[in-house]
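# Observations on chain architecture
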Amino acid sequence: MPDTPFAPVILGNEPGSFPHSVLAERHPAIIRQVRDAFPYGPGQHRALDELLESCTEGTVEPLPAHAPDRDLWDAWGLTAHVGRSWYDVPWLWSESWFYRRLLDAVGFFGPGAWRGIDPFRPFKHAELDAPETDAELAALDDLPGLPEEERARALLHGSLWGNRADLGFRLSAEGAEDRDPARALVADESDTLWSLLPPTGAGTLVLVADNAGRELVPDLLLLAHLLAEGRAARAVLHVKPYPYYVSDATTADVVDALRRLRAASGAAAEYGRVLWSALADGRLTVRVHPFSCAPLPYPDMPDDLRAEFAAATLTVFKGDLNYRRLVGDRLWPPTTPFAEATGYFPGPVAALRTLKSDVVTGLSAATEAALAAAEGRRWRTSGTHALIQVARPVT
Ligand SMILES: O=P(O)(O)OC[C@@]1(O)O[C@H](CO)[C@@H](O)[C@@H]1O
C-alpha cells in the first residue's frame, strides 16, 4: 500500500454522506425486513431491538465469551473499537460488524433451532425465482451461434452488470433497478483481462464472488465458458462462509443457482451441466475463507490466502464491497492508478464492479471531469456506472 495521507479512510460520521445513510437508514431497514420475513420468537425480537439501538445510537460491544470467532474479531480490531460509536470507526468495519451482530441476534451461530438459518434466504430465493431470471436464462439461447470472442464478451458483461443485482443496495436505492442505466464503463481494461486468459490457458482463475442470485448466475456462466473454451484449466469460486451484506453468495446459494441452471432448458441447462461436471472432476472448486467476511481491506489478508492468490493466473474481484476491500476503503483521488492502489496484491488481479460507493481509482482526468460535470457525486453511488480494471505485479 502506498503512503496515503491524501486518501483518508472512510468513516460513517458525516451526516448527509452515503456511508452515514447506510448506518442510519439502511441497517435499520434491513433489521425491519428480516424481522418481517421470519416467524421469530421473543428472544430474537428482543435481540433485534437491542441491535437496532446499538447500531443507531450505541457503541461497539465485545462479543460474548463463548463466540466461536471472538479471537478472530479481536484480531480484526474489535478490542480497539469496543466503546466507540459505530459511526466513528472505519465504515467498512462497522458494516461488517452489523452483519455479524445481526446473525447473532437471529440465532445463526447459536446452539438452538435457528442455527444456520440464513435470514436473507427469502429475498435471495425471490430473486432467483423471479421472471427476470427466466428471461436472462432464455437469452442465453442466442449465444451458441456467435464467435467465441463475442460469447466471452457477452458473458463478461453479464457478470459485470449482474453486480447491479444487490439486495442491500435496492433497500435504500428505491427504483435503482428500474432506472435505465447509462451503461457506461468509466474504465474498460477488458483487453488486458482477455490477454491473461488466452484460449490455450493452463492456469487457475480465482473468482471472488459477490451477490447470489442474479449476480452469481452470470458469474457461474462466465466460469463455465472459460473452462469449456480452455481459457482456464481450473477455477476457484470464493463465496462467503456465512450470510453477509444481505445478498452475498454462500455455498447454499451456489447450490441453488446450479440447481436453477440445471432445471432450465436450452443453453442455460448446458452451462449447468458444464459446471456440474467441472465440480465433479475438480476443475471447479468452491471455497469459503473466514477473511471473506473480515472487516478489513485485502492488504491485511492472511498468508494462506495471499499464497492462493499468488498462485492464480488471475484473480477477479466482483462487486462494490470487494472493490472497496481490494483498493482500500479510502477517498482516493479518482485518478490514482488502480495498479498503485493494488500494488501489494501478489498476482494479476481484476475488478468487475458497478459503482455503489464513493471509492474509485484508475479514472482518467477527462472521465472524472465529465462525470462530475454531468452528475456531481451521484455517479459514484448510483450503480449506473461500471468498471473493468486489471493490474499485474511489477516483475
Ligand atoms: O458489494 P456489492 O454487493 O456490489 O455492493 C455492496 C453495497 O451495496 O454495500 C455498500 C454499502 O453498504 C456499498 O459499497 C455497496 O453499495
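Residues numbered from 1 in each chain as written. Predicted model: local features only at pLDDT ≥ 70, side-chain atom pairs only at ≥ 80, totals over all residues.

This is how it is decided: UniProt positions are given in the numbering used here, feature names are shortened, and annotations may be inferred rather than shown by experiment.
Going by the annotation in an unreviewed UniProt entry, the name recorded for the protein chain is Damage-control phosphatase ARMT1 family protein, with Streptomyces camelliae given as the source organism. We quote the UniProt Sequence similarities (unreviewed entry) comment for the protein chain here in full: "Belongs to the damage-control phosphatase family. Sugar phosphate phosphatase III subfamily."

## Quick notes on the overall build of the protein chain
Going by this rule: Here a helix means four or more residues in a row that DSSP labels H or I, a strand means two or more in a row labelled E, and each is numbered from the N terminus. As a rule, residues whose C-beta atom has 12 or fewer other C-beta atoms within 10 Å are exposed, those with 20 or more are buried, and those in between are partly exposed; C-beta atoms are placed from the backbone.
Along the protein chain, the regular secondary structure elements total 17 helices and 7 strands. Per-residue burial for the protein chain yields a buried fraction of 45% across its 395 residues.

## Section: the site of the ligand
Condition: Each residue gets a C-beta atom placed from its backbone. Should that atom fall within 6 Å of a molecule or strand, the residue is termed near it. Three classes are used, and their members are as follows: Ala, Val, Leu, Ile, Met, Phe, Trp, Tyr, Cys and Pro are nonpolar, Asp, Glu, Lys and Arg are charged, and the others, Gly among them, are polar.
Taken together, 15 residues surround the ligand, and among them Gly319, Asp320, Leu321, Lys356 and Ser357 come closest. Of all the secondary structure elements, the ones that give two or more residues to the shell around the ligand are α9 (167-172) and α15 (319-327). Residue contributions to the shell around the ligand peak at 4 residues, all from α15. Classifying every residue of the shell around the ligand by side-chain character gives 4 nonpolar, 5 polar and 6 charged.

## Some words on the nonpolar core
Spelled out, the test is: In this description, a nonpolar core means buried residues of the types Ala, Val, Leu, Ile, Met, Phe, Trp, Tyr and Cys, linked to one another by C-beta atoms lying within 7 Å.
Counting 69 residues, the largest nonpolar core has Leu205, Leu207, Leu220, Leu223, Ala235 and Leu237 as its most contacted members. With 9 residues, the top contributor of residues to this core is helix α11 (residues 216-228). Of all hydrophobic cores here, the second largest spans 36 residues; its members include Tyr40, Val60, Tyr99 and Phe123.

## Quick word on the sheet that holds strand β7 (residues 385-391)
The line we're drawing: Pairing between strands is defined by DSSP: at least two bridges between them are needed. Comment: axis = line fitted to C-alpha atoms, over the contacting stretch for helices; angle = value between 0 and 180 degrees taken between N-to-C directions. Whether two residues are in contact is decided by their C-beta atoms, placed from the backbone, lying within 7 Å.
Ordered by their spatial adjacency, 7 strands build an open sheet running β1-β7-β6-β5-β2-β3-β4, and the pairing between neighbours is mixed. Two strands close off the open sheet at either side, each with one partner strand: β1 (184-188) and β4 (284-288). Mean inter-strand twist for the sheet, computed between neighbouring axes without regard to direction, equals 15°. By the bridge criterion, 4 bridges tie strand β5 (residues 314-318) to strand β6 (residues 349-354) in an arrangement that is parallel. Paired with Phe317 across the two strands is Ala351, which belongs to β6. Contacts from α11 reach β2 (204-208), β3 (234-239), β4 and β5, with the element oriented near 165° to β3.

## Considering the environment of Gly58
Inspection of the secondary structure puts Gly58 in the loop between α2 (42-57) and α3 (70-75). Note on Gly58: 13 C-beta atoms within 10 Å, which makes it partly exposed.

## Considerations on the packing of helix α1 (residues 18-37) against helix α5 (residues 91-105)
Quick note on the threshold: Relative orientations are named as follows: roughly parallel for angles under 35 degrees, roughly antiparallel for angles over 145 degrees, roughly perpendicular for angles from 65 to 115 degrees, and oblique for any other angle.
Direction vectors running N to C along α1 and α5 enclose 10°, while the axes themselves pass 11 Å from each other. Taken together, the axes of α1 and α5 lie roughly parallel to each other. Contact with α1, carried on its side by Pro19, Val22, Leu23, His27 and Val34, involves Trp91, Ser94, Glu95, Phe98 and Leu102 of α5 and no other residues of that element. Taken together, the residues of the contact of α1 with α5 break down into 7 nonpolar, 2 polar and 1 charged.

## Re the domain arrangement of the protein chain
It is common to report an interface's size as the accessible area lost on association of the parts. For the record, the criterion: Marked domain ranges trace back to an automatic or database domain assignment.
Splitting the protein chain by domain gives domain 1 (18-105) and domain 2 (126-391). Look at where the C-alpha atoms of domain 1 and domain 2 centre, and you get two points 27 Å apart. The interface is formed by 18 residues belonging to domain 1 together with 18 residues belonging to domain 2. Of all the elements in the fold, those that place two or more residues in the side of domain 1 that touches domain 2 are α1 and α5. Of the residues contributing to the side of domain 1 that touches domain 2, the split by class is 12 nonpolar, 4 polar and 2 charged.

## Points about unusual backbone geometry
You will see that Tyr245, though not glycine, has its phi angle at about 45°, which is positive. Summarising the element assignment, Tyr245 is placed in the loop between β3 and α12 (251-263). Classification of Tyr245 as buried rests on a count of 22 C-beta atoms within 10 Å.

## Some remarks on the pairing of β5
For β5, a buried count of 5 out of 5 residues is recorded, marking the element as mostly surrounded by other parts of the structure. What you see with β5 is no split at all: Leu314, Val316 and Lys318 on one side and Thr315 and Phe317 on the other are buried throughout. Where β2 and β5 come together, 4 bridges link them in parallel fashion. Bridge pairing links Val206 to Thr315 in β5.

## What about the packing of α1 against α2?
A pair of packed helices is characterised by two quantities: the angle between their axes and the separation of those axes. At their nearest, the axes of α1 and α2 sit 10 Å apart, and the two run at 175° to each other. Between α1 and α2, the angle falls in the class roughly antiparallel. Taking contact as the criterion, the partners of Leu23, Ala24, His27, Pro28, Ile31 and Arg35 in α1 are, on α2, Leu48, Leu51, Leu52, Cys55 and Thr56. Across the contact of α1 with α2, the residue classes tally to 8 nonpolar, 2 polar and 1 charged.

## What to know about α12
Heads up, the rule is: Here the expected length of a helix is defined as 1.5 Å per residue gap, with one fewer gap than residues. The arc in question is formed by the directions pointing from the helix axis toward the C-beta atoms.
Over its 13 residues, α12 runs 18 Å from end to end, which matches the ideal 18 Å to within 8%, given 1.5 Å per residue. Three or more residues of α12 are buried, namely Asp253, Val254, Asp256, Ala257, Arg260 and Leu261. End-on, the buried residues of α12 take up no more than an arc of 165°, which puts them together on one face. Turned more than 90 degrees away from the buried face of α12 sit Val255 and Ala263, all of them exposed.

## Structural notes on the environment of Tyr242
Position of Tyr242 relative to the elements: it lies in the loop between β3 and α12. In the structure, Tyr242 is positioned 143 residues away from Tyr99 in sequence and 9.6 Å away in space, judged by C-alpha atoms. Once residues lying within four places of it in the same chain are set aside, the contact partners of Tyr242 are Leu103, Phe108, Thr250 and Cys293.

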